Amino acid sequence: MDKQHKNYYLLAAAICVLLVCGLTFYYFFSAFSTSETTSYIYIDTDDNADSVVAKLTPIARQHSLHGFTTLMRHTKYADHVRTGRYAIKSGEGAFSVLRHLKNGMQEPVNLTIPTVRTVERLSAELAKHLMLDSTTLASALKNDTLCQKYGYDTTTIACMFIPNTYDIYWNVNINKLLDRMKKESNNFWNADRKAKAQQLKLSPNEVITLASIVDEETANNGEKPMIAGMYYNRLMLRNAEYPNGMPLQADPTIKFAWKDFGLRRIYNKLLTIKSPYNTYVNTGLPPGPIRIASIAGIESVLNLTHHDYLYMCAKEDFSGTHNFARTYAEHKVNAAKYAAALNKRGIQ
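Residues numbered from 1 in each chain as written. Predicted model: local features only at pLDDT ≥ 70, side-chain atom pairs only at ≥ 80, totals over all residues. Heavy atoms only, no water.

Naming follows an unreviewed UniProt entry, where the protein chain appears as Endolytic murein transglycosylase of Hoylesella buccalis ATCC 35310. Per UniProt, the protein chain has the following entry under Sequence similarities (unreviewed entry): "Belongs to the transglycosylase MltG family." Looking at the protein chain in UniProt, the text filed under Catalytic activity (unreviewed entry) is "a peptidoglycan chain = a peptidoglycan chain with N-acetyl-1,6-anhydromuramyl-[peptide] at the reducing end + a peptidoglycan chain with N-acetylglucosamine at the non-reducing end." (UniProt positions renumbered as here; feature names shortened; annotations may be inferred.)

Right under this line is the structure:
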């Protein structure tokens, strides 16, 4: 073979190598997604290789999807479909996408614990951001044995949920979710908060239960320590009239007992309900929180304002704040003003 022919074959070989490299890059390493921002796909227990491809199709470039399906067949991805929330980042290729999916390299979700009133509502809100369904979550939170594992019962399990935002995997199972919430609760109840609760002669669960009532009374964080102080005074009062403590007489607990959160006025006929949450009949705190207490509510109890008020009534200007009173006579004057304002507005 002469030199000219040798150079021709070398050139042809080089072109073939470049072509193969180019095609390899084009199908397997060029940008997979059509979007310039990160996209996410969710793979659950019902998915298989075909349904994963179907979920990728709307965001994938056609040639990259071909590259993905080729890699999928040759790596037996069908036998390794893993649930999870996966990020498809701008610029990454089919090879990288498949590697993440096959190895379960998922992206966590930002799970925010909402300050809702019932475990059913909590379960429904969490299920919007997790693979778990709301029925499974609600059943777990009503399971005595499971709650006892974490040191709670079905009335106090809501105390374990501290309303922060947490990075957590979308496909987390119920046990790992509750393990994480217990860990975060333990972290929240540091030495300083425990010491403050102890000074008030309250357990962490009691602090949260009182905080849940305070949260229901007002959305004004600045006033919450005042309200916490008033309820605390009732809780700790011991005299001839109230040898076992003064009933909290907290209207939000009546709403919770009736499971009617739309009530605007609490009439006397509603106060006869037989429920451990009826704080007009029962002294002390209810058996558990009446909502997921906010951190502001918890801090308002731990840092409550010390005063001598025993009564409060919503202000007649509907500002969301309250008039406080030391005596029942003073309180009746405030209550009359508020009742008149309700009547004027036709609020039943």
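Let's pick the thread back up.
Asker: What should I look at first to understand a nonpolar patch on the surface in this one?
Answerer: A cluster of nonpolar residues, Phe25, Phe29 and Phe95, forms a patch on the protein surface that exposes about 320 Å² of accessible area. Its location among the elements puts Phe95 in helix α4 (residues 94–102). A relative accessible area of 41% places Phe95 in the partly exposed class. (Patch = residues over 30% accessible without salt bridge, like charges linked within 9 Å, V, L, I, M, F, W, Y side chains within 5 Å. Areas by Shrake-Rupley, 256 points an atom, 1.4 Å probe, with all protein chains shown as cover. Salt bridge = Lys/Arg side-chain N within 4 Å of Asp/Glu carboxyl O. Helix = DSSP H or I, 4+ residues; strand = E, 2+ residues; numbered from the N terminus. Buried < 20%, exposed > 50% of the residue type's maximum accessible area, 1.4 Å probe, protein only.)

Asker: Would you take a moment to explain the layout of surface pockets for this structure?
Answerer: In this approach, a probe sized like a water molecule rolls over the atoms, and the result shows the empty space that is left. As a volume, the largest pocket reaches approximately 1,400 Å³. In this structure, the largest pocket is lined by 42 residues; those nearest its centre are Asp251, Ile266, Cys313, Ala314 and Tyr338. Of all the secondary structure elements, the ones that give two or more residues to the lining of the largest pocket are α10 (204–217), α11 (224–236), α12 (251–258), β5 (311–314) and α14 (328–345). Sorting elements by how many residues they give to the lining of the largest pocket places α14 first, with seven residues. Residues belonging to the lining of the largest pocket are distributed by class as follows: 23 nonpolar, seven polar and twelve charged. Here the second largest pocket is characterised by a volume of approximately 250 Å³. Taken together, 20 residues make up the lining of the second largest pocket; nearest its centre are Thr118, Val119, Thr154, Thr155 and Phe256. Top contributing element to the lining of the second largest pocket by residue count: helix α5 (residues 119–127), with three residues. For the lining of the second largest pocket, a count of residues per class yields eleven nonpolar, four polar and five charged. Lining the lining of the second largest pocket are residues from two domains, each supplying at least three of them: domain 2 (109–188) and domain 3 (191–307). (1 Å grid on protein atoms, 1.4 Å probe; cavity = no way out; pocket = protein on both sides within 12 Å on 5 of 7 lines; lining within 4 Å. Points joined across faces, edges and corners; volume = space filled by probe spheres on them. Nonpolar A, V, L, I, M, F, W, Y, C, P; charged D, E, K, R; others polar. Domains from an automatic or database assignment.)

Asker: Would you take a moment to explain the domain arrangement of the protein chain for this structure?
Answerer: How big an interface is tends to be stated in terms of accessible area lost as the parts join. For the protein chain, the domain assignment lists domain 1 (25–103), domain 2 (109–188) and domain 3 (191–307). Inter-centroid distance (C-alpha atoms) of domain 1 to domain 3 is 52 Å.

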